[in-house]
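# Secondary and tertiary structure notes
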Amino acid sequence: WGGRRELGVEATDRCRAVLEAVMAKEDARAFCVRVDPEAYPEYTRVVKEPMDLSVVSAKLKGKEYLKVSTFARDTRLVFKNCLTFNHDRSPICKVAHRLLAMFDRLMKTWVLTSDSVNTESLDDGACMVCSTDEEKDHASMLLCDGCDAAYHMGCLSPRLATVPLSDWFCPMCS
């Protein structure tokens, strides 16, 4: 992630926007605090490098990250630790998979792009194709069941005429 790309002011702002978007998800709360060693005494035996999103946030604010790749590594570690410790089919692992996919998508579209990005106007709810969250021709907005990316049904190729009855995955996740 980002290889040797240094974490300058613009990249830091972009990384902060990604982290804030992930942390804002209601089901991300469990990942925003360290795992309680009294509640889960075996955690530190299984997970060798504990990490949570509040630590990542503090390190980002404290300018401890010198490279985008180090920030991405720590953020990904939060979810990988969950996947290591818990049963893969558990509800928390499903959340970890979804938040990790969301993080990867936002890193690709918000941080690793060479396009100019205004971090004040980043909108995770905007359509990935047309970049708006407005209803286009009364089109329905779909959210990917893999990464939470938003798409207008009319912006997809081929267009979808009806909302899928089962899980739907965006082009990046399918």
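Our subject is the structure listed above.
Rules used throughout
Residues numbered from 1 in each chain as written. Predicted model: local features only at pLDDT ≥ 70, side-chain atom pairs only at ≥ 80, totals over all residues. Heavy atoms only, no water. Salt bridge = Lys/Arg side-chain N within 4 Å of Asp/Glu carboxyl O. Buried < 20%, exposed > 50% of the residue type's maximum accessible area, 1.4 Å probe, protein only. Helix = DSSP H or I, 4+ residues; strand = E, 2+ residues; numbered from the N terminus. Core = buried A, V, L, I, M, F, W, Y, C linked by side-chain atoms within 4.5 Å. Contact = heavy atoms within 4.5 Å.

Here we come to the pattern of salt bridges. Proximity of charged atoms lets side chains of opposite charge pair with each other. A full pass over the atoms with the stated rule returns seven salt bridges. A salt bridge links Arg73 to Asp74; its shortest N-O distance comes to 2.7 Å. Take Asp74: its relative accessible area is 3%, and that puts it in the buried class. The shortest N-O distance in the salt bridge between Arg76 and Asp104 comes to 2.8 Å. Highlighted residues: Arg76 in helix α4 (residues 68-85) and Asp104 in helix α5 (residues 91-111), separated in sequence by 28 residues. The exposure class assigned to Arg76 is buried, which follows from its relative accessible area of 18%. Owing to a relative accessible area of 18%, Asp104 belongs among the buried residues under this scheme. A single salt-bridge network, built from bridges that share partners, covers Glu49, Lys59, Arg73 and Asp74.

Core analysis: the biggest nonpolar cluster contains 34 residues, and Val22, Phe31, Leu53, Phe71, Phe79, Leu99 and Met107 have the highest contact counts within it. Put simply, the parts of the chain that give this core at least two residues each are α1 (9-23), α3 (53-61), α4 and α5. Counting residues per element, this core draws most heavily on α5, at 11 residues. Excluding residues within four positions of it along the chain, Leu53 makes contact with Leu19, Val22, Met23, Phe31, Cys32, Thr75, Val78 and Phe79. Among the nonpolar cores identified, the runner-up in size contains nine residues, and Leu142, Ala149, Trp168 and Cys170 belong to it.

Right, let's get into the side chain of Thr75. With respect to the helices and strands, Thr75 occurs in helix α4. In this structure Thr75 touches Leu53, Val56 and Phe103, once residues within four positions along its chain are discounted.

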